[in-house]
Structure formats: structure tokens, C-alpha cells
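One letter stands for each residue in the lines below.
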Amino acid sequence: MASELEPEVQAIDRSLLECSAEETAGKWLQATDLTREVYQHLAHYVPQIYCRGPNPFPQKEDMLAQHVLLGPMEWYLCGEDPAFGFPKLEQANKPSHLCGRVFKVGEPTYSCRDCAVDPTCVLCMECFLGSIHRDHRYRMTTSGGGGFCDCGDTEAWKEGPYCQKHELNTSEIEEEEDPLVHLSEDVIARTYNIFAIMFRYAVEILTWEKESELPADLEIIEKRDTYYCMLFNDEVHTYEQVIYTLQKAVNCTQKEAIGFATTVDRDGRRSVRYGDFQYCEQAKSVIVRNTSRQTKPLKVQVMHSSIVAHQNFGLKLLSWLGSIIGYSDGLRRILCQVGLQEGPDGENSSLVDRLMLNDSKLWKGARSVYHQLFMSSLLMDLKYKKLFAVRFAKNYERLQSDYVTDDHDREFSIADLSVQIFTVPSLARMLITEENLMTIIIKTFMDHLRHRDAQGRFQFERYTALQAFKFRRVQSLILDLKYVLISKPTEWSDDLRQKFLEGFDAFLELLKCMQGMDPITRQVGQHIEMEPEWEAAFTLQMKLTHVISMMQDWCALDEKVLIEAYKKCLAVLMQCHGGFTDGEQPITLSICGHSVETIRYCVSQEKVSIHLPVSRLLAGLHVLLSKSEVAYKFPELLPLSELSPPMLIEHPLRCLVLCAQVHAGMWRRNGFSLVNQIYYYHNVKCRREMFDKDIVMLQTGVSMMDPNHFLMIMLSRFELYQIFSTPDYGKRFSSEITHKDVVQQNNTLIEEMLYLIIMLVGERFSPGVGQVNATDEIKREIIHQLSIKPMAHSELVKSLPEDENKETGMESVIEAVAHFKKPGLTGRGMYELKPECAKDFNLYFYHFSRAEQSKAEEAQRKLKRQNREDTALPPPVLPPFCPLFASLVNILQSDVMLCIMRTVLQWAVEHNGYAWSESMLQRVLHLIGMALQEEKQHLDSVTEEHVVTFTFTQKISKPGEAPNNSPSILAMLETLQNAPYLDVHKDMIRWILKTFNTIKKIRESSSASPVAETEGTIMEESSRDKDKAERKRKAEIARLRREKIMAQMSEMQRHFIDENKELFQQTLELDASTSAVLDNSPVVSDMALTALGPAQTQVPEQRQFVTCILCQEEQEVKVESKAMVLAAFVQRSTVLSKNRSKFIQDPGILIPFKLKNSEGNRDCAYIPATMWKMENSFVPSVSA
Ligand SMILES: [Zn+2]
Ligand SMILES: [Zn+2]
Ligand SMILES: [Zn+2]
């Protein structure tokens, strides 16, 4: 068939080549109805050029199209031979200072970590190498395709927005100048005419939905009757399915089928059969039948060949427009104008709107062609970028909904352009105030998650596959919200305030649907049969983490906004939990003469949820009230009197008790889903807006209530109230209950509760809670990480939370707390904690996992032993609380606290039985230490007229109350000091007694009222051996438990990586600021050389250029330029060798494998030393 067709095609080609572009253009210039004239030309010629047979001939088609179709347009536009016309235009052009290079898939992109406004601001390689950022800390990634270079965009860079190349023009561009002034009236008019017709033609034909009928003005009489069977891409069917189906349907070879499938995947569609209608229809039905069994069938259309021809030319035309506007910014502006001009149907009828709204109906290839055109036109023109942004925002809801139901990846959706628009600070701000963008994004998101439980909360448990699919896709909206918020306003208008708060309202509605979601109930008796769904809720939480933090950042910038946001958040929290006492029985608790009313609620028996975003947001805002001092400046504007501390603390406390109970093994029957949730709750990715904020909320509550009341409520929620409220309960308890599990459980709960109190008093490193700044906070994180062990850069980064800009803030403080130890032969350089920072070590640092805590404890004790110091690890001296939280310290000297301390010490003194543990004692000792530090600090900073109200030393010197007449805490400590079974804690007890005496002396010297002193009674020693055996047994249990936990954790990590691939996507982080010292002495050959005199050896100057295998950058190898590293592995091989006894005599610059401790010329080539230093361990291979 093909051979028959050949001569005919050739005849057509000949007649086509006789066409003259100049003549056609001349005809058009005379035309009264240009549109009709052009359309007739296209109607006649397009089907003769495109789609003449079963297979496309792109080169020939393009050549003919240029000659017959595009040539006349170029002549028309220029009014002369375009070979002269375009260079003229180009010369007259004042090019934009924007680079705008569109990235191809896999192309390297660079972002400056010091100067980029956000991580989406990137440079192409050429611009990067010509910019100041090449000497900054930068990040290199490979583009997924679709973005463009931000060089020249002053909003994208804090410094150095231009590279050398794009800087040239900036001095001239003072103000925004209309680029049209560089064009003649005639050119403007003609360009406008031809662009309007061609752009409209392309849009019309690409969005044409009929399969065998052309638009009326393109129909011709002598139409051929050939069709294509067109196969479209989807993301449902696999390659194999498509290939198999094609072989069956169109009777092709496997190779051909693979070819078809590849093109379909790449371009989005491919004709798989050419012929008459019947013939194509037959193939279509086979394909549909074969692919519809389990899923929706593959999309196939039988299309008239002339429609396909026009569509192919439509695409060609769009790329042509893209290249033509490259000649002149004026042409570009005209195209923008044509594109955004409202069409005859009013709103949404501009060509740009029509393309966007049809996006999800277009095939991949068509989408990427017009997306590229948008990027090189609308997004490159400062004026039209704004107008386009408005169109995009107005269509936002529709575009996102189309995207959610479409199955193509996001990079093929117009919705993906949001990153280009929303990350421009001025545009984002405008869209928030003028288009209410924040609210629109959040509402659109909520609209797609309609499935709720009876209380209106999200319910992911019963999601169908379709709902789960939608949920995955709708998550990209959170990313859009992040883009909008990423650059914070420097000034606020009333409009911005109003619209932000409106958006905040919508955001609270979203959080409200999450508050209390996925509630769980403890499983008793039987183990659960099915692991409940938990990942969706956590995915949502994780994706929202940065958004929640950014919302707080925004609120922190304006006092009015902060006050309003606080009120709104409190109101929503009250809606969520206003009736938290409903149905619960009120009960009264009393200890040591204090009593409080609360409700009867047991975490172990009733529903509890780990998701409390509204409470946590309020906690964050409360801290901001303190940090910004709004709480002191405008107390009358705040609803502080409406706050009910018991209501505030209730749910966060339940959540923390849940964690304690899980740790105590009480929730074993609930399976792994719960273990995972607890893990993420504390994990570095989530904790900032989960665990950390729960601690803050409790701190907030305690600072507003009687600490005795708080402690009693806490005892009750921990289900430990009985133990501490009943004298001698412990003793009876251990003798009555023989079930060891229950005893062990209670011990763990007591330990956890004490740990929580330590955290509440000791965690004051969030600015606003304590008098610290952000630097102190990050320093402390690093100090504690390095207390575990020295760490490599990457390891350290992983343990610190990243902000929305992917920064940890580590670089700015690391020098202050750590030494960098250069890598030895084994590879990685390590950060080591400076010795003077060891005093800031807190054994109960709240971000330690159990394993980390025990490792850190071991390491720190070892260090102390090495320094020949005692091994006590006393609590560090802490910064003072901010005034709003100041009363929190009183928890340490409250009656109930003292009672708890006394009880635990009592158990330790009477150490027989199971009902206490060393950890428990250790925590009590730590708490006592904290109280002493606190008192000492108070005394040190006290002024004449103030009385120190913190009198812990006095209180612990008094003996217990009448009924049991127990000895004083101090006395018990003195007893324990000599207890042989507490060897490990001896140093700590000694430290406490020493500090106590110091304080006593300060008090005596400064005031007349001496501290009452009581002599402690000394208990006799008890049998030592029994105790030793017991400790050994415990150590063994602990070891087994650790092993089990480690195994669980690595399993969870693996799982997490599988689930969150993009989080772990590797970005190469290049640290350009430090470089390893390398000595690159020139290599001298071993022949005799003469240095001076007439016979001086001529050393030829060899210039050697090498290419870095990582960044592909060229660099000359010179002594004075940057050091280079060559890594190669040379091995002797006897393969292909004739003389097997010969050895390489002179290895030249080769370095023997067994190298002595090489300091100097470690290795050499083709990686600049700065890159060599990268942490990511890689093995460079040099292929010569
Ligand atoms: Zn560039
Ligand atoms: Zn540039
Ligand atoms: Zn920079």
C-alpha cells in the first residue's frame, strides 16, 4: 500500500514546494477578511502536509510546514523577508533581564541556601556559574522538567538576583517600560492580526472534540476518507498490558507494539492504525474490549485524518509562536495580550482560559507544548504575569478539581504552574487580598474530603480506592498553601489582615475536622484482628506541619492579627471540647490538704486520640503572646479570663498518658498501628506540631493553675492517684498483688509521670516559653545530639527538624558548640561536642528516644570518668521562664510534688519488694536537683527588696506530717547516700547534698533566718548479694527490651521510607564554604632536570582542563585555582597480559593502595575539593 502511495505523495510535495511564501503573504496583506483568507490557506494545505500515511514523517512535515504555512506568516509579520526582518527586530529589542530558561527533565538546577527566598527559586547552570552564589552554600538538584530559571527575578533572591550575563541590561531598565515602543506601528498591527488568528486557530483545533467533522471554516469539499485509530495514554494500564493488547488489536509485531506504547507514554497519544473508518473502528473495539476487564478501558478514538493533521499543525504553531516571541519582548507582549483578551463569551473565554479549562482533556504532548508557551510568554512578562495570576486564581477551584479527577501526574497538569505563581511574594500577597486565595485553596481542599464521621471529623478508615486516590492527589493543594505562605509579609494592610484572618478561619475549620480523628480504645482480652488505618491521618498531619508553623509565623508578625487569631482558635477549641465534661462523673481528689474537682476519665478505658491540631495551634499562639509581649501590652484585648486551664490541659494530657501507657505495655493488644502513631508523634518530622506543642500546652495550663491541683489531675489521668493518695499504699500494694506485670506497669507509669514533670519544668528553650532565642534552641538540640556521639554533618541534619525552607539553622551555630574533626582515611568528618558544652547536658532532654537517652547517659558518664570527675549528671542550669510561664517553677516546691518525692524516696529506703525502680529514684533525684538549681538561681539574682519565695531547701528539711511521721526528704537522701544498692546514684546524691549546703550558706550569709536543719537517721545496710543479682536481672531485661525496640524501629523506618518516598528524595547538598586542604604539587618526571643556567630544562606549560564528574563543570588544573580530587582505583590485572612477571615500576602519580597516613596529596582529579567534601558517600569512577 505504501509503495502505491509514494508517487502520489511525491507529486503533492512538488506542487507544495512551488508555493511562494512571499506571494501568499502579499495576498494576505491585501485581504479584506484576513481570517477567512488564512483559514482557507490552512484548510487547503494542512491536510496535504500532515497525516498522509500510517506513520508520521516529522522532518518532512516540518520542512513543508515551514515552507507553505509558517513562511507566509513570517513574511506577513515582518513585511519583508524574515531573514532580514527578524534580526532587525532582535536588534531593536531591549531584552528582559529575566533568564527564564525552561528546564528539561534531568537538567541540573542550583539554589542558593543563603540568598534564595525559598527553595523553589533556582538557577540554570549557566546563570549559576556566572552568579555570586557559586561561592555560597548551595544546593544542586536535577529538574523533573517544567520549571524555569529565576535569574533576574529580584523577588526570588535576597542578594545577587542577576548573573553576569543578565546583569548587563539592568542599569538601563530603571522603570517598567512598555516593550512595544521598540516596534513600528505597522509591525505591531500585523503581529497582532496574525497572532490573534493563529493562536485562536490552535486553541480551537486542539480543544476540538468531534472525531470526524472539522470546524466549519476549515472544512473542504474534496476530503479524503482516511481515519486514524488513536490510542491515548493513561496511568492505569501497564506497558505490558498495552503492548499485549496492541499486538492483538492491530496485528503488529511486538517491536512495533513497544514502539507504539513508548510514544503513547511520551507524547500522550499515537495512531496505531490508518485506513477507512470500519478498519479503525474494528481495532478500537478490540482494544476497548481487552482493557476493560478490571479497570476503565484505554481511551481510543477513531479520528478523521484531517482533524489529526490540523491538531499536529496546531501544536507546531504553538511552538512556533514560542520561538517567534523570542526575537522581541514587544512580540511577546502582543502574544500575552492576544491570549488574555476576553473572547465573545465573556468571563473565562480568553484563549488562555480556554486552554487551562480544557487541560485535563488534552493529551500529554499538547499540554506540555502550551505549558511551555505560557512559561515563555505570560510568566516572562511582568505586567501579564499579574493578569495571568488572577486568571489562574479565578479558575483555581475548577483546575484543581480537574486535576484531582484526571489520572496524569502533576507535572503534566496546568495546576502545577501554581509553584511558578504563588511563590512570587508580590503575586501571592495580591492574590490573597484580591482573590481571597488562602480561603479558596483551603475550601477546595475541604470540598474534596467530604467523607466525615458523626462528629464531622475526617474518616479515612472506610475510604474506597477511589477516595484514597483522590486523597493522594488533593494533597498537592497543601503544597500550594505552603507556597502562598512561604514568604511572610513585611507590612500589613487592613485588607491583608482581613483576608488572612478569613483564611485562618477556613484553616481552623480544617483543623477542627482533624481534632480527635482516628480515636482509639484500649483493647483488652483479645488482640485486634485488623490493624486500623492510621497512615492517611498522619500523612495529612505531616504535610500540614510546615503550614501550621507558617500560620503561627504570620500571626507573630502583627499584633492585631495575633490577638484575633488567638480568639478564633480558642473559640474553635471550645466548640470541639466545650462539653468535655458531658456524661463524665465529677469527682473530687485530695492530697496533703489540697483538693480539686475533676472528671472521672480513664485513658485505658475510654476513647483517646493522638490528633489535636487545634489545641496545639492554640499552644503555639499562646507562646507567641508571651514572645511578642502582647500578653502584657494588651491583656484587656485577650480572652485570658475565659481560659479554663483544666480544659486546656485535658486532651494533651490524655495523649501523653497514652504514650506512657503504650510504653508500659498496656496497649500491646492494639497492634502496630498504635506503635507507629506514637513513633511519629515524637518523630523529628512531626514533633514540632505534635509532641512539643502538647508539652507547651501543659506548661500553659500549669502556669495558670495551682500546681497541686495540676499534679492531682495528672496523677488521676496516669491512674496513679490511689498509690500516692493512700499512705503506705505502695507497701500494701506490693504485698497484696503478686502479679508482677501490674507492678511493672505501675512502675513504668510512675517513671513516665516523673519524666513528664521534668519536661514541664525543664523545657524552656522555645522562645516565648523561656527567655531564649531561636539560636539557643537549635544549639541545645545540637548539644544533645552530639552528647550521644560525634556525628557527621548529614547525620546531624537528619536529627534536626527542617523548616519550610529545608533549613535546620544548624550552620549558624555549630561552630559555637562543636569542633569539626577532619575525615581520616575512613571517610567522614565528624562534629564533636566542645567540652565546655557538656555542662548543658540534660539527661532528660525531651527529644531523646529511649535508646538515645541511655546511649547519651553512658557516653556522658564515661566522659566524666575519663576526666576523673564524679559521675553525677546533675540537671543543667536553665534560662529563666518568660513572665507568662514564670509560676511554673512552683510545681517543684508544691506540697503534692514533695509528697511524691517523699513517697518514692521512702520506697527506696525500704527497698525490698518490687514496687519501686531505680529509674524512678533517678528521676526524683533529678527533680530535686532541678529545684535546688532553681533556688540557687533565685538567690543569686535576688535584689534587696525582694524576698525569695522559692524555699525548696526549707521544705525538704522538714519531716513528714503527723500520721506517718516519716523523716524529711533531706534525711532520707542522707540515708540513701550510703546505700550499697544505689552505687550508681551515689555521686548524684552527694551532688545534691553539696548543693543543698551551698544554698544553706548563701541563705545564712544573706539573711538572718537560717534554714531549719534536721538530722537524718541512718538506715542499716541490707544484704548486698541479693541486690546485685536483682540488678543483673534487670540489666538483662533492659538489654532484651532495647534490642526489641531497635528491631521495631528499623522496621518502622523501612516502612516509612516506602510510604514517603518523596520525603527521602535525595538532594545533593554541596557545602561550598569549607574546603579540604589539599596540596597539589606539580608532578615532575624523573629525568635529570636543570633548574638554572643556560641548560635550564624547558618545562612545557601544560594546560589541562578537566570536567567534574558531578556537576560537569570545566576547570583548569592549576596550583592556584581550586583544589581538585581524582579518585581512581588501579589494580594489577593479568588479563590479556603476555608478560605476567612485569611489574609497573614507576607508578607516577598513582598512589599505592596501602598508603601511609597521607596528609598532602591525598588523591587528585576531577572533582573540585569543595565537592569532594560532600557527605553523601559516593564512589567516583573515572573512565579514561
Ligand atoms: Zn538562567
Ligand atoms: Zn542569568
Ligand atoms: Zn547566594
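Participant: Before we go on, may I ask you to explain the overall build of the protein chain in this structure?
Facilitator: Helix and strand counts for the protein chain stand at 45 helices and 14 strands. For the protein chain, the residues scored as buried account for 53% of the 1184 residues in total. A total accessible area of about 56600 Å² is found for the protein chain, and carbon and sulfur atoms account for 51% of it.

Participant: For this particular structure, what's the right way to read the sheet that holds strand β3 (residues 227-232)?
Facilitator: The pairing of strands in a sheet happens through backbone hydrogen bonds and is either parallel or antiparallel. With antiparallel pairing, 3 strands are arranged side by side in an open sheet as β4-β3-β5. Bordering the open sheet on either side are β4 (269-275) and β5 (300-304), each of which pairs with just one other strand. With direction set aside, neighbouring strand axes in the sheet form an average angle of 30 degrees. Across the sheet, helix α9 (residues 239-250) touches β3 and β4, and the angle it forms with β4 is around 10 degrees. Strands β3, β4 and β5 of the sheet are contacted by helix α11 (residues 277-291), whose axis makes an angle of about 135 degrees with β4.

Participant: Before we go on, may I ask you to explain the coordination of the zinc ion (ligand 2) in this structure?
Facilitator: When a metal carries six donors in an octahedron, the ideal angles between them are 90 or 180 degrees, while four donors in a tetrahedron ideally lie at 109.5 degrees. Within the protein, C127 (SG), C151 (SG), C163 (SG) and H166 (ND1) serve as the donor atoms for the zinc ion (ligand 2), at 2.0 to 2.3 Å. If you look at the zinc ion (ligand 2), its 4 donor atoms make angles of 98 to 114 degrees with each other, and the shape they trace is tetrahedral. The metal-metal distance between the zinc ion (ligand 2) and the zinc ion (ligand 1) is 4.2 Å, with C127 coordinating both. Residue C127 is located in helix α6 (residues 125-129), and its partner C151 is located in the loop between β2 (138-142) and α7 (164-167); the two are separated by 24 residues in the primary sequence.

Participant: I keep staring at the packing of aromatic side chains and nothing clicks. Help me out?
Facilitator: Each aromatic ring pair is specified by the distance between its two centres and by the angle formed by the two planes. Considering all chains together, one arrives at 35 aromatic pairs under this definition. Consider the rings of W916 and Y981, whose centres lie 6.5 Å apart with planes at 70 degrees: the pair is edge-to-face. Here W916, found in the loop between α39 (895-909) and α40 (918-941), pairs with Y981, found in the loop between α42 (969-977) and α43 (986-1006); they are 65 residues apart in sequence, far enough to count as distant. One exposure class covers both W916 and Y981, and it is buried. What links up through ring pairs into an aromatic cluster is the set Y370, F374, F388, F392, Y396 and F422. Positioned above the aromatic ring of Y279 is the side chain of R273, whose terminal nitrogen or guanidinium carbon lies 3.9 Å from the ring centre. Above the face of the F232 ring, K299 is positioned so that its terminal group lies 4.3 Å from the ring centre.

Participant: Looking at this structure, I do not really get the pattern of salt bridges. What am I missing?
Facilitator: When their charged atoms lie close together, side chains carrying opposite charge are able to pair. Within the structure shown, the criterion is met by 48 salt bridges. A salt bridge links R137 to E811, with the shortest nitrogen-to-oxygen separation between them at 3.2 Å. Of this pair, R137 sits in the loop between α6 and β2 while E811 sits in helix α37 (residues 810-817), and the two are 674 residues apart along the sequence. R137 gets classed as buried once you look at its relative accessible area, which sits at 16%. Among the residues examined, E811 registers a relative accessible area of 23% and is labelled partly exposed. Measuring nitrogen to oxygen at the nearest pair gives 2.7 Å for the salt bridge that ties K789 to E795. Judged by its relative accessible area of 35%, K789 is partly exposed. Exposure remark for E795: the relative accessible area of 24% places this residue in the partly exposed category. Members of the salt-bridge network, linked through shared partners, are R113, D114, R137, E807 and E811.

Participant: For this particular structure, what's the right way to read the coordination of the zinc ion (ligand 3)?
Facilitator: At the metal site, the zinc ion (ligand 3) is ligated by C112 (SG), C115 (SG), H133 (ND1) and H136 (ND1), and these contacts range over 2.0 to 2.3 Å. Coordination geometry of the zinc ion (ligand 3): the 4 donor atoms subtend angles of 98 to 117 degrees at the metal centre, consistent with an arrangement described as tetrahedral. All donors to the zinc ion (ligand 3) come from one chain, and their sequence spacing reads C-x2-C-x17-H-x2-H. Here the two residues H133 and H136 agree in accessibility, since each one is buried.

Participant: Explanation requested: unusual backbone geometry in the structure shown.
Facilitator: Glycine aside, a negative phi is what most residues show, and trans is what most peptide bonds show. Within the chain, N251 stands out as a residue other than glycine whose phi angle is a positive 60 degrees. For N251, the position within the fold is in the loop between α9 and α10 (254-267). Despite not being glycine, C592 shows a phi value in the positive range, around 50 degrees. Secondary-structure assignment places C592 in the loop between β6 (586-591) and β7 (594-599).

Participant: Can you walk me through the pairing of β4 in this structure?
Facilitator: A regular strand carries its side chains on alternate faces of the sheet. The element β4 is largely enclosed, with a buried count of 7 among its 7 residues. Direction of pairing for β3 relative to β4: antiparallel, over a ladder of 6 bridges. Residue pairing for β4: Y227 is matched across the bridge by G275.

Participant: Sorry, what's going on with the side chain of E781 here?
Facilitator: By the element assignment, E781 lies in helix α35 (residues 774-788). Those residues in contact with E781 that lie beyond four places of it in its chain are R687, L800, F845 and H847.

Participant: I tried to follow the environment of R429 on my own but got confused; where do I start?
Facilitator: Topologically, R429 is positioned in helix α19 (residues 425-435). Filtering out sequence-adjacent residues up to four positions away, R429 remains in contact with S487, K488, P489, L496 and W554. From its side chain, R429 meets the backbone oxygen of S487 in a polar contact 3.4 Å long.

Participant: Any chance you could explain helix α30 (residues 691-704) here in plain terms?
Facilitator: Since the α-helix turns once every 3.6 residues, residues separated by three or four places project in the same direction. The end-to-end C-alpha distance of α30, which contains 14 residues, comes to 20 Å, matching closely the 20 Å that a straight helix rising 1.5 Å per residue would cover. Of all 14 residues making up α30, 13 are buried, and the element is well covered by its neighbours.

Participant: Looking at this structure, I do not really get the packing of helix α17 (residues 396-405) against helix α20 (residues 437-447). What am I missing?
Facilitator: Each packed pair of helices is defined by two parameters, the angle between the axes and the distance between the axes. α20 packs onto α17 with a crossing angle of 35 degrees between their chain directions and a minimal axis gap of 10 Å. Both α17 and α20 take part in a crossing whose hand is right-handed. Contacts from Y396, E397 and Q400 in α17 reach I440, I441, T444 and D447 in α20. Class assignment of the residues belonging to the contact of α17 with α20 gives a composition of 3 nonpolar, 2 polar and 2 charged.

Participant: Any chance you could explain the environment of V813 here in plain terms?
Facilitator: The residue V813 is located in helix α37 in this model. Through-space distance from the C-alpha of V813 to that of I782 is 8.9 Å; in sequence the pair is 31 residues apart. Ignoring anything within four residues of it in the chain, the contact list for V813 reads T775, I778, K779 and I782.

Participant: Would you explain α20 in this entry?
Facilitator: For α20, the tally of buried residues reaches 8 of 11 residues, placing the bulk of the element in the interior. All of the buried residues along α20 are L437, M438, T439, I441, I442, T444, F445 and M446.

Participant: Would you take a moment to explain the state of the cysteines for this structure?
Facilitator: Every disulfide links exactly two cysteines, by a covalent bond between their sulfur atoms. In the structure shown here, the tally under the stated rule is 0 disulfides. We note that C229 lacks a disulfide partner, and the nearest cysteine sulfur, in C280, lies 5.8 Å from it.

Participant: It is not clear to me how the side chain of H41 should be interpreted in this structure. Could you clarify?
Facilitator: Looking at the element boundaries, H41 is found in helix α3 (residues 34-49). Apart from residues no more than four positions distant in its own chain, H41 is found in contact with T24, W28, V68, L69 and P72.

Participant: Looking at this structure, how should I read the nonpolar core?
Facilitator: One recurring pattern in soluble globular proteins is that nonpolar side chains are buried together. Grouped together as the largest cluster of nonpolar side chains are 292 residues, with contacts concentrated most on F195, F313 and F500. In terms of residues, this core owes the most to one element, helix α24 (residues 535-556), which gives 12 residues. Those residues within four positions of F195 in sequence are excluded, and the remaining contacts are L77, R200, L321, I324, I325, L331, I334, L335 and V338. By size, the runner-up hydrophobic cluster in this structure holds 21 residues, among which are Y227, L246, A257 and A283.

Participant: Even after reading the chapter, I still don't get the pairing of β6, so can you show me in this structure?
Facilitator: The two faces of β6 differ: I587, L589 and I591 on one face are buried, but P586, T588 and S590 on the other face are not. Two elements, β6 and β7, share 6 bridges in a ladder whose sense is antiparallel. Looking across to β7, one finds that I587 is bridged to T598. Where β6 folds back on β7, the antiparallel hairpin that results is connected by 2 residues, among which C592 adopts a positive phi of roughly 50 degrees.

What counts as what
Residues numbered from 1 in each chain as written. Chains lettered and ligands numbered in written order. Predicted model: local features only at pLDDT ≥ 70, side-chain atom pairs only at ≥ 80, totals over all residues. Heavy atoms only, no water. Helix = DSSP H or I, 4+ residues; strand = E, 2+ residues; numbered from the N terminus. Buried < 20%, exposed > 50% of the residue type's maximum accessible area, 1.4 Å probe, protein only. Areas by Shrake-Rupley, 256 points an atom, 1.4 Å probe, with all protein chains shown as cover. Pairing = 2+ DSSP bridges. Axes fitted to C-alpha atoms, helices over the stretch in contact; angles between N-to-C directions. Contact = heavy atoms within 4.5 Å. Donors = N, O, S within 2.8 Å, 3.2 Å for Na, K, Ca; no water. Tetrahedral: all angles 85-135°; square planar, octahedral: opposite > 155°, others 65-115°. Phe/Tyr/Trp six-rings, centres within 6.5 Å; stacked < 30°, edge-to-face > 60°. Lys NZ or Arg CZ within 6 Å of the ring centre and 35° of its normal. Salt bridge = Lys/Arg side-chain N within 4 Å of Asp/Glu carboxyl O. Polar contact = N/O pair within 3.5 Å; in protein donor to acceptor, adjacent residues only side chain to side chain. Expected span 1.5 Å × (residues − 1). Left-handed = near helix turned anticlockwise from the far one by under 90°. Nonpolar A, V, L, I, M, F, W, Y, C, P; charged D, E, K, R; others polar. Disulfide = S-S within 2.5 Å. Core = buried A, V, L, I, M, F, W, Y, C linked by side-chain atoms within 4.5 Å.

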